[in-house]
Amino acid sequence: MPTFQSIFSPSDSRQRQENFEAYWEFSQRHSGQILEAQKDLTTKRDLLAGFQREAVRSRKPLADPEKFYRNYVKMRDDPRSLDRKTLLLTCIYKFARHEWVGISGAWDAIPSMAEAKKTTERISRYHLCEEFCHVRLFHEMFRTFHLDKVEWVPLGPWMQKVYRIFPKVPESLMSPPAFVSELMGMTFYLELDRLFDDVFADEPEARDRLRALLHEIMVDELAHIGQRRNFIGAVGIRAARRMVRPMITAFFKDIPEAKYLLDIPRMVREGLEFDYSVMRPELIERSWVPSYCRTEPEIASPRLAGA
Ligand SMILES: [Fe+2]
Ligand SMILES: [Fe+2]
């Protein structure tokens, strides 16, 4: 079994070039062929179809589904007046909505697969398709709780502009925050994974389904962390480390549910100390880790062993 090191471990440009090729090979094996017109991927599409074919629905509907619908896009009530299930689901929506707006803006700004010349450009296009698949998996989480009327509502014009400009910023400036946003996503998913047990304790089947959907997202996101890290050189990675705390704190300050559900200091800590040890081994096994964050066990050569 390999052991893992900090995501902030140093790397040189030759290693990073090799890792891009390795990642590109991994991701196609993992998610299948790109279906660009549908912003989809063949293996992911089949996976979602499988979840939908064997749909799981919570035994009891939410206490007051209208409360979810009134607060999911924008928190209108006092968050403390929402039960924990509703609060967690509206929180998940708000996070996923940012993802959806971000990827929708980026989709129009980056080269299509036909236009992509470099491996990194192909990776970026393919990466966005994986993110669109995540939005579909999030959507299935809501349906698990009979929330069939969820819509993906654009953010205000100002925020949309920010997300549209972001992909056009030069790579060296954009890479550290793009990497940290993937890392931040993972700290959120780790919190969700823990919260599911507590919040959905009386809905074991629905909880297990939510977790299965979440784990599919986490396997991809774990690989995205390594992939985005791979865009960054020595200076950028130090800058990225300094962005972890302010980015996580600022992002979740904007989500009113966060302070009632999430342990933000723990999320910051897990981001800063990210060396894969917080991840379930079965997720790492299905995912991808850059070579410079991995130490393969030494295999004794027969000659040495016999000497
Ligand atoms: Fe994502
Ligand atoms: Fe991602």
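**Considering the coordination of the iron ion (ligand 1)**
Reasoning step 1: Every protein donor of the iron ion (ligand 1) is listed here as Glu99 (OE), Glu131 (OE) and Glu221 (OE), and their distances to the metal cover 1.9 to 2.2 Å.
Reasoning step 2: Mapped onto the sequence, the residues coordinating the iron ion (ligand 1) show the spacing E-x31-E-x89-E.
Reasoning step 3: Separating the iron ion (ligand 1) from the iron ion (ligand 2) is a gap of 3.2 Å, bridged by Glu131, which donates to each. One end of the pair, Glu131, is in helix α5 (residues 119-144); the other, Glu221, is in helix α8 (residues 204-229), and 90 residues separate them in sequence. Accessibility assignment for this pair places Glu131 and Glu221 in one class, buried.

**Things to note about the pattern of salt bridges**
Reasoning step 1: Tallied over the entire structure, the rule returns 28 salt bridges.
Reasoning step 2: Here Asp77 and Arg70 are joined by a salt bridge, their closest N and O atoms 2.7 Å apart.
Reasoning step 3: When its relative accessible area of 37% is taken as the criterion, Arg70 is described as partly exposed.

**Focus on the coordination of the iron ion (ligand 2)**
Reasoning step 1: Surrounding the iron ion (ligand 2) are the protein donor atoms Glu131 (OE), Glu182 (OE), Glu221 (OE) and His224 (ND1), at 2.0 to 2.2 Å.
Reasoning step 2: Each of the 4 donor atoms around the iron ion (ligand 2) contributes to a set of angles spanning 77 to 140°, which defines the coordination as irregular.
Reasoning step 3: Considered as a linear motif, the donors of the iron ion (ligand 2) on their single chain read E-x50-E-x38-E-x2-H.
Reasoning step 4: Residue class for His224 comes out buried when judged on its relative accessible area of 0%.

**As for the packing of helix α7 (residues 171-199) against helix α9 (residues 234-253)**
Reasoning step 1: Two numbers describe how α7 lies on α9: the axes approach to 8 Å, and their chain directions differ by 50°. Regarding the angle of α7 to α9, the classification is oblique. Between α7 and α9 the crossing geometry is right-handed. Contacts from Pro176, Pro177, Phe179, Val180, Ser181, Leu183, Met184, Thr187 and Phe188 of α7 reach α9 at Gly236, Ile237, Ala240, Met243, Val244, Met247, Ile248, Phe251 and Phe252.

The rules behind each value
- As a convention, each chain's residues are numbered from 1 in the sequence order in which they are written.
- Just so you know, chain letters begin at A and ligand numbers begin at 1, following the order they were written in.
- Owing to the predicted nature of the model, reporting of local features is limited to residues with pLDDT of at least 70; listing and counting of side-chain atom pairs is limited to 80 or more, with chain, interface and lining totals taken over all residues.
- To get the side-chain values, take all heavy atoms of the structure and skip hydrogens and water.
- Because water is not among the atoms used, a metal site may look incomplete, as its donors are only the N, O and S atoms within 2.8 Å, or 3.2 Å for Na, K and Ca.
- Runs of E in the DSSP output that reach at least two residues are strands. Runs of H or I that reach at least four are helices, and both are numbered from the N terminus.
- Buried means the residue's accessible area, taken with a 1.4 Å probe over protein chains only, is under 20% of the maximum for its type, while exposed means over 50%, and partly exposed covers the values in between.
- The salt bridge definition used is simple: a Lys or Arg side-chain nitrogen within 4 Å of an Asp or Glu carboxyl oxygen.
- A four-donor site is called tetrahedral if each angle lies between 85 and 135 degrees; a four-donor site is square planar, and a six-donor site octahedral, when trans pairs exceed 155 degrees and the remaining angles lie between 65 and 115; all other cases are labelled irregular.
- Under this scheme, a helix contributes an axis fitted over its contacting stretch, all axes are lines through C-alpha atoms, and angles between N-to-C directions fall in the 0 to 180 degree range.
- When describing relative orientation, an angle under 35 degrees is termed roughly parallel and one over 145 degrees roughly antiparallel, while 65 to 115 degrees is termed roughly perpendicular and anything else oblique.
- Each crossing gets its handedness from the near helix: less than a right angle anticlockwise from the far helix is left-handed, clockwise is right-handed.
- Throughout, a contact is declared for two residues whenever any of their heavy atoms are within 4.5 Å.

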